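Below are the chains, spelled out letter by letter.
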Amino acid sequence: MTTATKPPAPAATGGPRKRAVGVRRDLTAEDIAATGLRDRWYPILPSHMVVAGESKKVTRLNIDWVLFRDAQGVLHMLEDRCPHRSAPLSVGQHLGDRLACKYHGVQVDGTGTVVSVPGMPGCALEGKQATVSLKVVEAADIIFAFVPLTADSEPTPFVLPDRLADPEVSWFPNFAEWAGPWRFYMDNVLDPMHGAFLHRDSHSMFGGDTSARFRIRETDRGFFFEKTDQRGVNFDWVEYVRGSMDYVDLEIPYAENAGPGGVFGIVGMSTPIDADNSAIFHWRTRRVQGWEREVWRFLYRTRLEARHWEVLEQDREVLEALAADADAEEHLYQHDLGVSRIRRIYRADAKRQAAILAGELV
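Residues numbered from 1 in each chain as written. Predicted model: local features only at pLDDT ≥ 70, side-chain atom pairs only at ≥ 80, totals over all residues. Heavy atoms only, no water.

1. A short note on helix α3 (residues 182-189)
In terms of residue burial, α3 counts as a mostly covered element, since 8 of its 8 residues are buried. Buried within α3 are the following residues: W182, R183, F184, Y185, M186, D187, N188 and V189. (Buried < 20%, exposed > 50% of the residue type's maximum accessible area, 1.4 Å probe, protein only. Helix = DSSP H or I, 4+ residues; strand = E, 2+ residues; numbered from the N terminus.)

Pasting the structure below:
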């Protein structure tokens with residue numbers, strides 16, 4: 001998939017064109033599909049990676065952002081541009097409740113409002129909300145942000161995935177950055193059959209048949225992609241959920257030596273860094289209470305976590321080795337129904353958002 005921008009076509013209804021938040025050029029559907037759909041909550045970074053008194057630069061959806069905590073510990077996320085001359089605020093000075101640009105000293109608070117222009121006090125820039133500020137929530141040890149399509153987009157209510165919101169479920173977060181398009185991650189997790197091959201020697205996916213039939217089962221929040229002839233043996237099903245954020249939910253049976261508790265669950269999300277790199281978030285979960293919860297958490301830290309990383313590395317190595325246009329010419333078969341479905345959903349979303357920016361849709 002290319003991210004080259006074609007000359008924009010005139011809006012069908014003659015409505016005004018809009019720019020995507022944080023972007024200073026017209027975006028096509030291809031651009032949006034490559035760098036990320038907007039008007040969604042995305043995981044950004046583990047909370048512990050933004051410490052008090054420091055700022056942290058990240059790139060998400062092909063836009064540079066800066067994260068910082070104010071004097072009360074409240075987290076803020078701004079576009080990493082000073083409104084004066086676009087110098088990066090992330091290399092400036094942290095002043096407790098604001099950032100001071102290193103270039104000319106302009107001070108911007110957590111709402112994106114210019115609170116001081118030392119070089120020209122009282123100028124029109126002071127008091128102006130001139131830097132993009134995103135709505136952020138910290139939950140499940142992760143920083144989440146709502147990335148709007150346009151300046152008038154309203155954030156949807158923040159709702160955690162079921163497993164992460166359930167007090168009876170214990171979880172461990174996991175974060176990694178992969179050198180591959182974000183859509184490759186979604187293709188991978190909507191393809192349960194790869195578990196029987198790529199992860200055949202893993203601690204949790206060594207069982208089950210290497211052939212299967214699949215079906216798609218629609219739900220009111222997305223769909224299940226599942227094997228029709230095997231359950232509870234391997235990576236046998238996955239649910240794709242479209243809530244306040246897009247995520248996948250799945251379960252993989254544990255061997256008896258993995259300790260007490262229920263099955264091993266995974267919540268997975270992918271956030272585009274740019275067209276060629278992705279931030280990958282997983283929460284490894286188990287429904288356990290009381291002493292069993294402590295045993296599970298001890299076993300995870302001392303033995304299971306390293307094994308889970310091995311499985312994740314197998315996925316990363318394959319996905320990073322794929323050509324950038326690996327999904328442009330393929331010969332799919334029945335096992336790929338989930339892959340085909342997610343691609344259609346995201347293509348349709350990208351086209352709709354591009355049409356909104358072009359003034360063709362309200």
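2. Topic: the sheet that holds strand β10 (residues 136-139)
If you walk across this open sheet you meet the 3 strands as β1-β11-β10, and the pairing is antiparallel. Pairing within the sheet leaves two strands with one partner each, and these edge strands are β1 (40-46) and β10. In this sheet, adjacent strand axes meet at a mean angle of 30 degrees when their direction is disregarded. Note: β10 against strand β11 (residues 142-147), 4 bridges, orientation antiparallel. Considered in β11, the bridge of A139 is made with I142. (Pairing = 2+ DSSP bridges. Axes fitted to C-alpha atoms, helices over the stretch in contact; angles between N-to-C directions.)

3. Quick notes on helix α5 (residues 337-357)
With 21 residues, α5 extends 31 Å from end C-alpha to end C-alpha; this agrees with the ideal 30 Å at 1.5 Å per step. G359, located one to two residues past α5, shows a positive phi value of around 85 degrees. (Expected span 1.5 Å × (residues − 1).)

4. Some points on the packing of aromatic side chains
Summed over the entire model, instances satisfying the criterion amount to 12 aromatic pairs. Between F175 and F281, the ring centres sit 5.1 Å apart and the planes meet at 40 degrees, which makes this aromatic pair tilted. Separated by 106 residues along the polypeptide, F175 in strand β12 (residues 169-178) and F281 in strand β18 (residues 277-287) bring together distant segments of the chain. Considered together, F175 and F281 belong to a single accessibility category, that of buried residues. (Phe/Tyr/Trp six-rings, centres within 6.5 Å; stacked < 30°, edge-to-face > 60°.)

5. Brief notes about the packing of α3 against α5
Packing of α3 against α5 brings their axes to within 8 Å, and their N-to-C directions diverge by 145 degrees. With respect to the hand of their crossing, α3 and α5 are arranged in right-handed fashion. On α5, the residues that touch W182, M186 and D187 of α3 are V339, I342, R343 and Y346. Of the residues that constitute the contact of α3 with α5, the class distribution is 5 nonpolar, no polar and 2 charged. (Left-handed = near helix turned anticlockwise from the far one by under 90°. Contact = heavy atoms within 4.5 Å. Nonpolar A, V, L, I, M, F, W, Y, C, P; charged D, E, K, R; others polar.)

6. So, the sheet that holds strand β8 (residues 114-116)
Reading across from one edge, β5-β6-β7-β8 is the order of the 4 strands in this open sheet, with antiparallel pairing throughout. Every other strand in the sheet has two partners, leaving β5 (93-94) and β8 as the edge strands with one partner each.

7. Some points on unusual backbone geometry
With phi around 55 degrees, L61 is a residue other than glycine that occupies positive phi space. Mapped onto the elements, L61 comes out in the loop between β2 (55-60) and β3 (63-69). Positive phi, normally seen in glycine, also occurs at D141, with a value near 70 degrees. Counting through the fold element by element, D141 comes out in the loop between β10 and β11. Of the residues examined, D141 reaches a relative accessible area of 44% and is grouped as partly exposed.

8. Comments concerning the side chain of D70
Position of D70 relative to the elements: it lies in the loop between β3 and β4 (75-79). D70 has contacts with H76, G96 and D97, leaving out every residue within four places of it along the chain.

9. Thoughts on the pairing of β1
Most of β1 is tucked away: 7 of the 7 residues are buried. The pairing of β1 with β11 spans 6 bridges and is antiparallel. Within β11, the residue paired with Y42 across the bridge is A145.

10. Points about the nonpolar core
Grouped together as the largest cluster of nonpolar side chains are 81 residues, with contacts concentrated most on I44, L67, F144, M186, L190 and W283. Counting residues in hydrophobic clusters, the runner-up holds 14 residues, among them C82, L99, V108 and C123. (Core = buried A, V, L, I, M, F, W, Y, C linked by side-chain atoms within 4.5 Å.)

11. Thoughts on the domain arrangement of the protein
In many analyses, interface size is given as the accessible surface area lost on bringing the parts together. For the protein, the domain assignment lists domain 1 (50-135) and domain 2 (162-348). If you average the C-alpha positions of domain 1 and of domain 2, the two centres end up 37 Å apart. On the side of domain 2, 7 residues touch domain 1, which itself brings 4 residues to the contact. Taking both partners together, domain 1 and domain 2 bury about 410 Å²; carbon and sulfur atoms supply 57% of that area. If you look at where domain 1 meets domain 2, you find 1 salt bridge. Across the pair E177 and R60 runs a salt bridge, and its minimum N-O distance is 3.8 Å. Applying the counting criterion to the domain 1 and domain 2 interface returns 3 residue pairs in polar contact (both at pLDDT 80 or more). When grouped by side-chain class, the residues that make up the side of domain 1 that touches domain 2 number 1 nonpolar, 2 polar and 1 charged. (Domains from an automatic or database assignment. Buried area = accessible area lost by both parts, 1.4 Å probe. Salt bridge = Lys/Arg side-chain N within 4 Å of Asp/Glu carboxyl O. Polar contact = N/O pair within 3.5 Å; in protein donor to acceptor, adjacent residues only side chain to side chain.)

12. Let's talk about the environment of A52
With respect to the helices and strands, the residue A52 is situated in the loop between β1 and β2. Taking relative accessible area as the criterion, A52 reaches 64% and is therefore assigned exposed. The spatial distance from the C-alpha of A52 to the C-alpha of A176 is 22 Å, given a sequence separation of 124 residues.

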